[in-house]
Amino acid sequence: MGLKNVLKSASMGVREMDAERLTDRFIALGLQPLSELEPRFKAKVCGEVKRMSIKPRAGIPSMEIVINDGSGEATVVFSGRRHVAGIEHGHCIIVDGVPHSDGKHLVFLNPAYTLLPMGEE
Amino acid sequence: MVEPVVALIAIGVAGSNTLMATTTRSNPLKRFFIGKPIATSEDGHQRLPKKVALPVFASDAISSTTYATEEILIVFMSLAGAGVAAYSRLVPISILVILLLIIVVSSYRQTIFAYPNGGGSYVVSRENLGRIPSLVAGGSMLVDYILTVAVSIAAGVAAIVSAFNGLEPHRVTLCVGFIALVTLANLRGLKESGALFAPPTYLYIVMLFILIGYGLFRVFVQDLGPIPHEDTFSQELLGGNNSITLFFFLKAFSSGAVALTGIEAVADGVPAFKKPEPRNASTTLIIMACILGSSFFGLSILAQHLQPLKDEEGHIADTVLAQLAEQVYGGRNIMFFLTQFATFAILILAANTAYADFPRLSSIIAKDNYLPRQFMNRGDRLVFSNGVIFLGLASSLLVIAFGGIVNALIPLYAVGVFTGFTLSQFGMLVHHRKHKRPGWVPRAVMSGFGAATTALVAGIVVVVKFTDGAWIPAVVIPTLVLSFIAVNKHYSRVRGFLAPTEGYSAPFRTHTVVVLVGSVNQGVLQAVRYAQSLRPDRVIALSVIQSPTDRAQLDADWEKYNIGIELDTVVSEYRDLTEPILNRINELDDELNDDIITVIIPEFVTSLRSQWLHNQSALAIKARLLFRPNTVVTSVPIVIP
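Residues numbered from 1 in each chain as written. Chains lettered and ligands numbered in written order. Predicted model: local features only at pLDDT ≥ 70, side-chain atom pairs only at ≥ 80, totals over all residues.

Glancing now at the overall build of chain B. Summing up its helical and strand segments, chain B has 24 helices and five strands in all. A total of 641 residues make up chain B; the buried ones form 48% of that total. Residue pairs at least 24 apart in sequence account for 81% of intrachain contacts in chain B once pairs closer than 6 positions are excluded. (Helix = DSSP H or I, 4+ residues; strand = E, 2+ residues; numbered from the N terminus. Buried ≥ 20, exposed ≤ 12 C-beta atoms within 10 Å, placed from the backbone. Contact = placed C-beta atoms within 7 Å.)

Broken down by element type, chain A carries two helices and seven strands. Mapped from its N terminus to its C terminus, chain A presents α and β elements in the order α-α-β-β-β-β-β-β-β. Expressed as a percentage of its 121 residues, the buried residues of chain A come to 24%. Long-range contacts, defined here as pairs at least 24 residues apart, represent 50% of the contacts in chain A between residues at least 6 apart.

Domain annotation of chain B identifies domain 1 (67-489) and domain 2 (510-639). The gap between the C-alpha centroids of domain 1 of chain B and domain 2 of chain B is 61 Å. (Domains from an automatic or database assignment.)

Once that is clear, we can look at helix H17 (residues 385-401) of chain B. All names here are of chain B. In this model, H17 (17 residues) spans 24 Å end to end at C-alpha, consistent with the 24 Å of a helix rising 1.5 Å per residue. The buried count for H17 comes to 12 of 17 residues, which makes it a mostly enclosed element. At the exit of H17 stands Gly403, carrying a positive phi of roughly 65°. (Expected span 1.5 Å × (residues − 1).)

With that settled, consider the confidence of the model for chain B. All names here are of chain B. Counting all residues, the mean pLDDT for chain B is 83, and 91% of those residues have values of 70 or more. Low pLDDT (under 50) marks residues 1-23, which in the prediction has 24 contacts with non-local residues, meaning those over four places away or in another chain. In the predicted complex, the global pTM is 0.75; the interface-specific ipTM is 0.82. (pLDDT = per-residue confidence, 0-100.)

Attention now moves to unusual backbone geometry. Its identity is not glycine, yet A:Arg40 carries a phi of approximately 65°, on the positive side. Secondary-structure assignment places A:Arg40 in the loop between helix H2 (14-26) and strand E1 (43-57). With phi around 65°, B:Asn369 is a residue other than glycine that occupies positive phi space. When you line up the elements, B:Asn369 lands in the loop between helix H16 (334-367) and H17. A count of 17 C-beta atoms within 10 Å places B:Asn369 in the partly exposed class.

The next thing to look at is the packing of helix H9 (residues 171-187) of chain B against H16(B). Residues and elements named next belong to chain B. For the pair H9 and H16, interaxial distance at closest approach is 10 Å and the crossing angle is 50°. Accordingly, the angle class assigned to the pair H9 and H16 is oblique. Here H9 runs over H16; the crossing is right-handed. Residue-level contacts link Phe178, Val182 and Asn186 of H9 to Ile348, Ala351, Asn352 and Tyr355 of H16. (Axes fitted to C-alpha atoms, helices over the stretch in contact; angles between N-to-C directions. Parallel < 35°, antiparallel > 145°, perpendicular 65-115°, else oblique. Left-handed = near helix turned anticlockwise from the far one by under 90°.)

Turning our eyes to something else, we now look at the nonpolar core. Residues and elements named next belong to chain B. Phe76, Ala150, Ile153, Ala154, Ile263, Met288 and Leu409 are the most contacted members of the largest nonpolar core, which totals 161 residues. Setting aside anything within four residues of it in sequence, one finds Ile263 in contact with Ala61, Val104, Val105, Tyr108, Met288 and Ala289. Grouped together as the second largest cluster of nonpolar side chains are 32 residues, Ala531, Ala541, Val544 and Ile596 included. (Core = buried A, V, L, I, M, F, W, Y, C linked by C-beta atoms within 7 Å.)

Let us now look at the pairing of strand E4 (residues 92-97) of chain A. Successive residues of a regular strand alternate their side chains across the two faces of the sheet. Residues and elements named next belong to chain A. Of the strand pairs in this sheet, E1 and E4 are connected by six bridges, and their pairing is antiparallel. Among the inter-strand pairings, Ala43 is bridged to a residue of E4, identified as Gly97. Looking at chain direction, E4 and strand E7 (residues 112-116) are connected through five bridges and run antiparallel. Counterpart to Val95 in the pairing with E7 is Tyr113. (Pairing = 2+ DSSP bridges.)

A few words on the interface of chain B and chain A. Interface size is commonly expressed as the accessible surface area that is lost when the partners come together. Every contact between the two is made by 17 residues of chain B and, on the other side, 16 residues of chain A. Among the elements of the structure, helix H22 (548-560), strand E3 (566-571) and helix H23 (578-591) of chain B are those that each provide at least two residues to the side of chain B that touches chain A. Top contributing element to the side of chain B that touches chain A by residue count: E3(B), with six residues. Inspection of the sheet shows E1(A) paired to E3(B) by four bridges, in the antiparallel sense.

Another point: the pairing of strand E4 (residues 595-605) of chain B. Residues and elements named next belong to chain B. As paired strands, strand E1 (residues 510-517) and E4 are joined by six bridges and run parallel to one another. Note on E4: the bridge partner recorded for Val514 is Val599. Bridging between E4 and strand E5 (residues 631-639) involves nine bridges; their strand directions are parallel. Opposite Ile600, over in E5, you have Thr634 as the bridge partner.

So, about the environment of B:Leu260. Residue and element names in this part refer to chain B. Relative to the helices and strands, Leu260 resides in the loop between helix H12 (246-256) and helix H13 (264-268). As for Leu260 and Asp60, which are separated by 200 residues in sequence, their C-alpha atoms are 9.4 Å apart. Residues contacting Leu260, with those up to four places away along its chain left out, are Leu100, Leu101, Val104 and Val417.

Looking now at the environment of A:Arg82. Relative to the helices and strands, A:Arg82 is located in the loop between strand E3 (73-79) and E4. C-alpha of A:Arg82 to C-alpha of A:Pro61: the two residues are 21 residues apart in sequence and 5.9 Å apart in space. In this structure A:Arg82 touches A:Ile54, A:Pro61, A:Met63 and B:Asp555, once residues within four positions along its chain are discounted.

It is worth spelling out the packing of helix H15 (residues 320-328) of chain B against H16(B) at this point. Residues and elements named next belong to chain B. Packing of H15 against H16 leaves a shortest axis separation of 9 Å and a crossing angle of 160°. In terms of orientation, H15 lies roughly antiparallel with respect to H16. Along this stretch, H15 crosses H16, giving a crossing that reads as right-handed. Between H15 and H16, the residues in contact are Leu321, Ala322, Ala325 and Glu326 and Phe336, Thr339, Gln340 and Thr343, respectively. The residue inventory of the contact of H15 with H16, partitioned by class, reads four nonpolar, three polar and one charged. (Nonpolar A, V, L, I, M, F, W, Y, C, P; charged D, E, K, R; others polar.)

Moving on, we come to the environment of B:Leu184. Residue and element names in this part refer to chain B. Tracing the backbone shows Leu184 in helix H9. C-beta crowding within 10 Å serves as the criterion here: with 18 such atoms nearby, Leu184 is assigned to the partly exposed category. In the structure, Leu184 is positioned 24 residues away from Ile160 in sequence and 21 Å away in space, judged by C-alpha atoms.

Listed below in structure tokens is the structure:
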């Protein structure tokens, strides 16, 4: 680690550092980056679970997660459940589906997903 | 031991608002020192008859006789090295000073009649000269009041030290102690109560005239000789035979001119007099000027014959007045001690005058938005507490920095006074020209002449004493003026920004509420209920978790307590708590353009003793959110008895 890197990391915000870490982590999978995701086109993307929300909507809960691959973010909704086994903060999943646009976000509704094992790329 | 007490009081007063908010019981420590609060409605205005007004307003001016002669002597003896020749110059200088006194007093008489509501230099220049001159006057007077305290207390302590030479090493401690006492007394709202002021001032005047009268009697009738000076240091001082140059003459004159400090007090305080105010005030001013002038002149004659000695560094501890009294009364007897005590008392009162003036002036300036608003706050006892505390601290610092030596402080003193005089009189000149009342021409000429004279004196003081310390006010006053303007600019900017434009409506339509959650407890449940009671468009519980087990636990509790709001969990990659919360709030804010966000933080309130164990992260979050636009932070307190 040269002096250049030290200086670079010192001037970077936490978010940029995290984005760099995630990009390094997912580059090997060779999937579509989230920044290039477009609504209503089938896509296969991956990302780390950054946020989980449980929405107790009128007795039918839904779980929303936000994944991030360093280039961008997408929301994944699993309706009718409070929790999906294996999906936790910091875990990585591959999502296969068609996103739709909801406000400023792209949302996958109940897509096919693959859990990536922890600690492996 | 005195300083910590001062600090405690300062905290007690400054912190009063926050402390009082949480507990209805008053702070006993503060009650003990400050006394019980006075209601605003009880702020009766006490009108003073002349015989009480004289001591109240004149103590500052008359007290300057205690050091003015001495200061002239120091310039000649110690700085110019003129030796015995110095004594023959005392009377000419004092005549010049008295002439100056007559000019300034006649000018102030007009101010009294023109501004019966109180016409300090600041007010007069504000009305007539405009912004910058008034600020210069205000800054000068503020600096001057601080110096009045420092100089008077230092001189008062010098009187004590002259009477009890053993106290010499504790000079600074004594000074700070007395400043603390006076500050404390003023926080209690001692104001200008005549009962307290009258006896010491009259005692001093009487003692001074006895000293002068008896002294002159002994000199001229009983042939009392000069004070004997045996030690080598004194001989050296007396042996100087340099001729007195114009420079030193002017320097001595500017030292003597400090005798005029404080005569503006009467003009400032006209409304405090009994009716008819201007007439009574003007009579009081003239009586004061007569006492001041005659005693100063008398002391100069006495000093010329008795030849007391004083050096600039304070090797000779006794004041000139003490030396004169000792010689006249033939030793340290009851009369000597009575004189010293009266001197001390009037000097303390002189300092106290500044405590009435400084807070009042600073509150007027603050009201005009040139000083922080805090100077307008009145404390429990209806005094402008912050001004009082500020004055106490500033003068203590000065006394400490200059080692409590009067002579070192004097060069700083006269600049502000004469700047104030000049602007006030110049303001009066403009006032006369503007209103053109019958017979205004001679009055305007008088004011103009006064302004020119005092401006000349101010100039002389700055030039001849620049290196002795006159540069300090010459730097401080402009700096003060600049900061007044900066403060004003800020306040105007804020006011301009806040003023609603035509057809203004609040820019937010939707309301998002974020409840910060650690783990589910009573506090969180209350906070959630509170959030729902706000009827927001969206309510979210946000939790920063450390591990999946945390999330599972939270999820389980959410179901168990049937909390009906969305639960967001984020993980902090880098163990920082505030960063993820701020990021999430930023995201929420980005989603809608017309949104206002309320962040609700459940907080535990325990006793003062253990409060620091809680809410440290809440404090950090609040601090970060304070500067965020469109964000409301609300604490939902859970009081744990």
